[in-house]
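Residue-level structure breakdown
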Amino acid sequence: MNYPKNIADETPFQTAGPFLHIGCLPNTININGIFQNDLGEKPFINKDTNDFISISGSVFDGSGQALDDVMLETWQSDENGVYTPDNGFARFAPNSISKKYKLSTIKPGSVQNFDGSLQSPHILFSISSRGINMNLNTRMYFEGDNLFKDPLLSMIKKSNNDVSSLIASKIDDTSFIFNIFLQGDKETIFLDV
């Protein structure tokens, strides 16, 4: 059968599957001895841990159940708002019992846009899981920061969307909670990138 060229050349989407931890986070699931450290285990290797903040939360499906078969990746600037090639990336998964993830990192600085304006401090999140055909991407901002002039948040507000799903709740000066909802009434805003 002759298909039009654009259909015949495409590869069908496939979900990440239930075993993504084996290939991406082997030490997390106690498959030791393959790598000394998993890629992205620490986003900032040469920073003083006394300067770290803690971000924790869960990833919820459409029925409100917390998931553990999820892999999260984050990318962020350093405290000066600079992206560096050897820092800022993290890869982690929720705990299989508590279904909560935890990220220890530094609070990012404000990144400068091409026009010179500043973005509010944020961390980029990418979510992979069984049943998701393509990674979901979002941003996490910090409660208590000035978010009024952030270009992305301003654009989302202009489309009458509530940006609260992108703002981590502040517990104290060094601890934040950021839950991600894949579907439903509390669905997190996801970005096309």
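Before going into details, it helps to say that this report is about the structure given with it. These numbers come from a predicted model, not from an experiment. (Residues numbered from 1 in each chain as written. Predicted model: local features only at pLDDT ≥ 70, side-chain atom pairs only at ≥ 80, totals over all residues. Heavy atoms only, no water.)

Quick notes on the sheet that holds strand E8 (residues 167-172)
Within a sheet, adjacent strands bond to each other through the backbone by hydrogen bonds, running parallel or antiparallel. Heads up, the condition is: Two strands qualify as a pair provided that DSSP identifies no fewer than 2 bridges between them. Helix and strand definitions here come from DSSP, where helices need a minimum of 4 consecutive H or I residues and strands a minimum of 2 consecutive E residues; each element is numbered from the N-terminal end. Angles run from 0 to 180 degrees between N-to-C directions of axes, and those axes are lines fitted to C-alpha atoms, restricted for helices to the stretch in contact.
The strand order E4-E3-E6-E7-E8-E9-E1-E5 describes an open sheet built from 8 strands, whose pairing is mixed. Each edge of the sheet is formed by a strand with only one pairing partner; in this case those strands are strand E4 (89-92) and strand E5 (101-105). For this sheet the average axis-to-axis angle between neighbouring strands, irrespective of direction, equals 25°. The pairing of E8 with strand E9 (residues 175-177) spans 3 bridges and is antiparallel. Bridging from a neighbouring strand, Lys170 pairs with Phe176 of E9.

Some words on the pattern of salt bridges
Quick reminder of the rule: The working definition used for a salt bridge is a side-chain nitrogen of Lys or Arg within 4 Å of a carboxyl oxygen of Asp or Glu. Only protein chains enter the accessibility calculation, which uses a 1.4 Å probe; a residue is then buried when its area is under 20% of its type maximum, exposed when over 50%, and partly exposed in between.
Taken as a whole and assessed by the stated rule, the structure comprises 5 salt bridges. With a closest N to O distance of 3.7 Å, Lys99 and Asp68 form a salt bridge. With a gap of 31 residues between them, Lys99 in the loop between E4 and E5 and Asp68 in the loop between strand E2 (59-60) and strand E3 (70-75) connect regions that are remote in the sequence. Here Lys99 falls in the partly exposed class, since its relative accessible area comes to 25%.

As for the nonpolar core
This is how the line gets drawn: Put simply, buried Ala, Val, Leu, Ile, Met, Phe, Trp, Tyr and Cys residues joined by side-chain atoms within 4.5 Å make one nonpolar core.
In this structure, Ile55, Leu72, Phe125, Ile127, Met140, Phe178 and Ile180 are the most contacted members of the largest nonpolar core, which totals 21 residues. If you list the elements that add at least two residues to this core, you get strand E1 (53-57), E3, E4, E5, strand E6 (122-129) and strand E7 (136-142). Ranked by the residues each element gives to this core, the list is headed by E6, at 3 residues.

Considerations on helix H3 (residues 151-158)
Basically, it comes down to this: Arc, as used here, means the arc of the directions from the helix axis to the C-beta atoms. Any two residues whose heavy atoms approach within 4.5 Å are treated as being in contact. N or O atoms within 3.5 Å of each other form a polar contact, as long as, within protein, one can give a hydrogen and the other can take it, and as long as residues adjacent in sequence are counted only when both atoms are side-chain atoms.
For H3, every residue scored as buried is listed here: Leu152, Leu153 and Ile156. Looking straight down H3, one finds its buried side chains confined to an arc of 95°; they lie on one side. H3 presents Met155 and Lys158 as exposed residues on the side facing more than 90 degrees away from its buried surface. In this structure, the buried residues of H3 make contact with E7. Residue Asp150 occupies the N-cap position of H3, its side-chain oxygen lying 3.1 Å from the main-chain nitrogen of Leu152. Asn160, located one to two residues past H3, shows a positive phi value of around 65°.

A look at the side chain of Asp150
Our working rule: All tallies of charge rest on Lys and Arg as positive and Asp and Glu as negative; His and the ends of each chain are not included.
Positionally, Asp150 belongs in the loop between E7 and H3. For the buried residue Asp150, which engages in no salt bridge, the nearest side chain bearing the opposite charge is Arg139, 4.2 Å off. A distance of 2.8 Å separates the side chain of Asp150 from the backbone nitrogen of Ser120, its partner in a polar contact. Beyond its immediate stretch of four places on either side in the chain, Asp150 contacts Gln119, Ser120, Arg139 and Tyr141.

Side note on the environment of Ala90
Assignment of secondary structure puts Ala90 in strand E4. Counting along the chain gives 17 residues from Ala90 to Glu73, while the straight-line C-alpha distance between them is 5.5 Å.

Everything listed is a geometric property; what it means functionally is a separate question.
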